[in-house]
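# Understanding the architecture of this molecule
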Amino acid sequence: MEAKQWNVQISISEDDNDDVTTARAVLFTDRGKRHEGVAHARRNPVDQPVPDIGDELAVGRALSTLAAQLIQDGAQDVAQMAGSAREYGG
């Protein structure tokens, strides 16, 4: 069995007031297909800024979005393959 490795690149940015953290998780498969998840974390104005918390929440949400996209893509590929098999009598 061939071993594969996919890498996810995560970028994190905060707005000027440290109120909103944005995370972007990008995955390129070994065949060059690109998947991306973007998410945000917003700090409650009464809370003090703790950047690590915003980073964790935003990245976790971006990865969750990325995971949902991968599952959806896989399900669509299965449905497409099943449709192709029916067309050819398989």
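Structure report, in brief. (Residues numbered from 1 in each chain as written. Predicted model: local features only at pLDDT ≥ 70, side-chain atom pairs only at ≥ 80, totals over all residues. Heavy atoms only, no water.)

### What to know about the overall build of the chain
Within the chain, the secondary structure is distributed over one helix and three strands. Reading the secondary structure of the chain in the N-to-C direction produces β-β-β-α. For the chain, the C-alpha radius of gyration of 18 Å lies well beyond 12 Å, the compact-globule estimate for 90 residues. Across its three principal directions, the C-alpha atoms of the chain cover 65 × 25 × 20 Å. Residue burial in the chain is summarised as follows: out of 90 residues, 21% are buried. By element, 51% of the accessible surface of the chain is carried by carbon and sulfur atoms, the whole surface being about 6,800 Å². If you average the places of the 9 positive and of the 15 negative side-chain charges in the chain, the two averages end up 9 Å apart. (Helix = DSSP H or I, 4+ residues; strand = E, 2+ residues; numbered from the N terminus. Rg over C-alpha atoms; globule rule 2.2 N^0.38 Å. Buried < 20%, exposed > 50% of the residue type's maximum accessible area, 1.4 Å probe, protein only. Areas by Shrake-Rupley, 256 points an atom, 1.4 Å probe, with all protein chains shown as cover. Lys, Arg positive; Asp, Glu negative; His and termini not counted. Charge placed at Lys NZ, Arg CZ, Asp CG, Glu CD.)

### Here we look at the side chain of T29
The topology assignment puts T29 in the loop between β2 (20-28) and β3 (34-42). Excluding residues that lie within four positions of it along the chain, T29 makes contacts with W6 and H35. (Contact = heavy atoms within 4.5 Å.)

### Some thoughts on the side chain of T21
Within the fold, T21 resides in strand β2. According to the relative accessible area criterion, T21 is buried, its value standing at 5%. Excluding residues that lie within four positions of it along the chain, T21 makes contacts with I12, S13, E14, A39, H40, A41, G54, D55 and A58.

### Thoughts on the nonpolar core
One finds A23, A25, L27, A39, A41, A58, V59, A62 and L66 forming the largest nonpolar core, which totals nine residues. Contributions of two or more residues to this core are made by β2, β3 and α1 (51-87). Top element by residues in this core is α1. It accounts for four residues. In this view, A39 contacts T21, T22, A23, A58, R61 and A62; residues no more than four positions away in its chain are not counted. (Core = buried A, V, L, I, M, F, W, Y, C linked by side-chain atoms within 4.5 Å.)

### Regarding the environment of G74
Its location among the elements puts G74 in helix α1. On a C-alpha basis, the gap between G74 and L63 in space is 16 Å, while along the polypeptide they are eleven residues apart.

### Re the pattern of salt bridges
One pass over the full model with this rule turns up four salt bridges. The salt bridge partner of R43 is D19, with a shortest N-O separation of 2.6 Å. Of this pair, R43 sits in the loop between β3 and α1 while D19 is found in the loop between β1 (7-14) and β2, placing the two residues 24 residues apart along the sequence. When the shortest N-O distance is used, the salt bridge between D73 and K33 registers 3.9 Å. Of this pair, D73 sits in helix α1 while K33 sits in the loop between β2 and β3, and the two are 40 residues apart along the sequence. Taking relative accessible area as the criterion, D73 reaches 19% and is therefore assigned buried. (Salt bridge = Lys/Arg side-chain N within 4 Å of Asp/Glu carboxyl O.)

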